[in-house]
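Fold and contact review
Single-letter residue listing:
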Amino acid sequence: MLVDTHVHLNSHKFKDNLDEVIQRARKNDVEAMIVVGYDKETNQKAIEITEQYSFIFATVGFHPTEAKNVTNNDFELLSKQLEHKKVVGVGECGLDFYWDKENIEKQIEVFQRQIELSLAINKPLIIHMRDASEATYNVLSEYDRLKGIMHCYSGSPEMAEMFIKLGLHISLGGPVTFHNGVKPKEVAVMVPIDRLLVETDSPYLSPHPFRGKTNEPSRVKLIAEEIARLRGMSYNELAMKTTNNAYKLFNIKENE
Ligand code: NI
């Protein structure tokens, strides 16, 4: 009854225990997972994993920290991969001025090309934003009819409001469970329920009490429980609503 909308099962961290991690997630209420690619290699790997599990879907794209290396040929391959029936979105893409301040123009160009692909094929964007809230907003606000996710959103509630007005969803991960996760906790309460999603971003950002450890999709339950507590609603209701949001946004039919 949960969907982990952002998990890197394609990371080398899961190369030895992939099936075990997937089965553990299934035992902890996770009925579907979206494996997110971030470069040529992990995009391919994400697609391969979807071919082994009916309840796993993929997105393919180029992460902003990879933008400097992306070529036209890479975009051609990406367009082909986006036709795959288990590929349900474009990304992870976006802007990251924390890890890469040297290639801002190239980051913006690679992001824009992915936004245009998303609009052309009507599959949602998975948006990464770090130390680049305003720039990300400025790029996105040039477009109409956007569909997508501000993934593991860590910005202010005020900016969240602006992204929601652009038509985007807000996805929360492990930081909402941290004792010092003040902003994510505020955001967890203000996002309209029909725009809210949950994710782990595994293997990163493990929720409390596993902070600092390798994360895995079974822990999306801890994130959903904390958001339900903050919003004063039942875990079951929060799980049901966020899962419906994910299926609708990614155009996944239940029990597919
Ligand atoms: Ni990610």
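Summary of the structure given here. (Residues numbered from 1 in each chain as written. Predicted model: local features only at pLDDT ≥ 70, side-chain atom pairs only at ≥ 80, totals over all residues. Heavy atoms only, no water.)

1. Considering helix H4 (residues 104–121)
Just so we agree on the cut-off: The way it works is that DSSP assigns letters per residue, a run of H or I at least four long becomes a helix, a run of E at least two long becomes a strand, and they are numbered from the N terminus. The span you would expect from a helix comes to 1.5 Å times its residue count less one. A simple rule labels every residue: compare its accessible area, found with a 1.4 Å probe on the protein chains alone, to the largest value its type can have, and call it buried under 20%, exposed over 50%, or partly exposed in between. As used here, the arc belongs to the directions running from the helix axis to the C-beta atoms. In this description, contact between two residues means that some pair of their heavy atoms is separated by no more than 4.5 Å.
End to end, H4 covers 26 Å across 18 residues, agreeing with the expected 26 Å (1.5 Å per residue, within 8%). Looking at H4, one finds that the buried residues are Gln107, Val110, Phe111, Gln114, Ile115, Leu117 and Ser118. Axial view of H4: buried residues confined to an arc of 160°, hence all on one face. Seen from the open side of H4, the exposed residues pointing more than 90 degrees away from its buried face are Glu105 and Ala120. In this structure, the buried residues of H4 make contact with helix H3 (72–81), strand E4 (87–96), strand E5 (125–130) and helix H5 (133–140). After H4 finishes, the residue asparagine 122 shows a positive phi value of roughly 60°.

2. A closer look at unusual backbone geometry
Residue proline 203 is bonded to the preceding serine 202 through a cis peptide linkage, with omega at 10°. Along the chain, proline 203 turns up in the loop between strand E8 (196–198) and helix H8 (220–231). With an omega of 5°, the peptide bond running from histidine 208 to proline 209 counts as cis. Checked against the element boundaries, proline 209 lands in the loop between E8 and H8. Unusually for a residue other than glycine, cysteine 152 sits at a positive phi of about 40°. Looking at cysteine 152, the relative accessible area reads 12%, which means it is buried. Even without being a glycine, aspartate 201 presents a positive backbone phi close to 60°. Here aspartate 201 is to be found in the loop between E8 and H8.

3. Let's talk about the packing of H3 against H4
Condition: Every angle, taken between N-to-C directions, lies between 0 and 180 degrees, and every axis is a line fitted to C-alpha atoms, over only the stretch in contact when it is a helix. Reported orientations rely on four angle classes, namely roughly parallel under 35 degrees, roughly antiparallel over 145, roughly perpendicular from 65 to 115, and oblique for the rest. In this scheme, a crossing is called left-handed if the near helix is turned counterclockwise away from the far one by less than a right angle; it is called right-handed if the turn is clockwise. Note on residue classes: Ala, Val, Leu, Ile, Met, Phe, Trp, Tyr, Cys and Pro are nonpolar, Asp, Glu, Lys and Arg are charged, and everything else, Gly too, is polar.
At a closest axis distance of 12 Å, the pairing of H3 and H4 adopts a crossing angle of 25°. By the criterion of interaxial angle, the relationship of H3 to H4 is roughly parallel. The two elements H3 and H4 meet at a crossing, and its hand is right-handed. Counted together, Asn72, Phe75, Leu78 and Ser79 of H3 and Val110, Arg113, Gln114 and Leu117 of H4 form the full contact between these two elements. Tallied by class, the residues present in the contact of H3 with H4 amount to 4 nonpolar, 3 polar and 1 charged.

4. Some details on the layout of surface pockets
The following threshold applies: Of the grid points, spaced at 1 Å and generated over the protein atoms alone, those admitting a 1.4 Å probe that cannot get out make up cavities, while open sets with protein on both sides within 12 Å along at least five of seven lines make up pockets; any residue with an atom within 4 Å of a point is treated as lining. Grid points are joined across faces, edges and corners, and a volume is the space filled by probe spheres set on the points.
Estimated volume of the largest pocket: approximately 690 Å³. Along the wall of the largest pocket there are 24 residues; nearest its centre are His128, Arg130, His151, Asp201 and Leu205. Contributions of two or more residues to the lining of the largest pocket are made by E4, E5 and helix H7 (182–190). When grouped by side-chain class, the residues that make up the lining of the largest pocket number 8 nonpolar, 9 polar and 7 charged.

The analysis is restricted to geometry; functional conclusions fall outside its scope.
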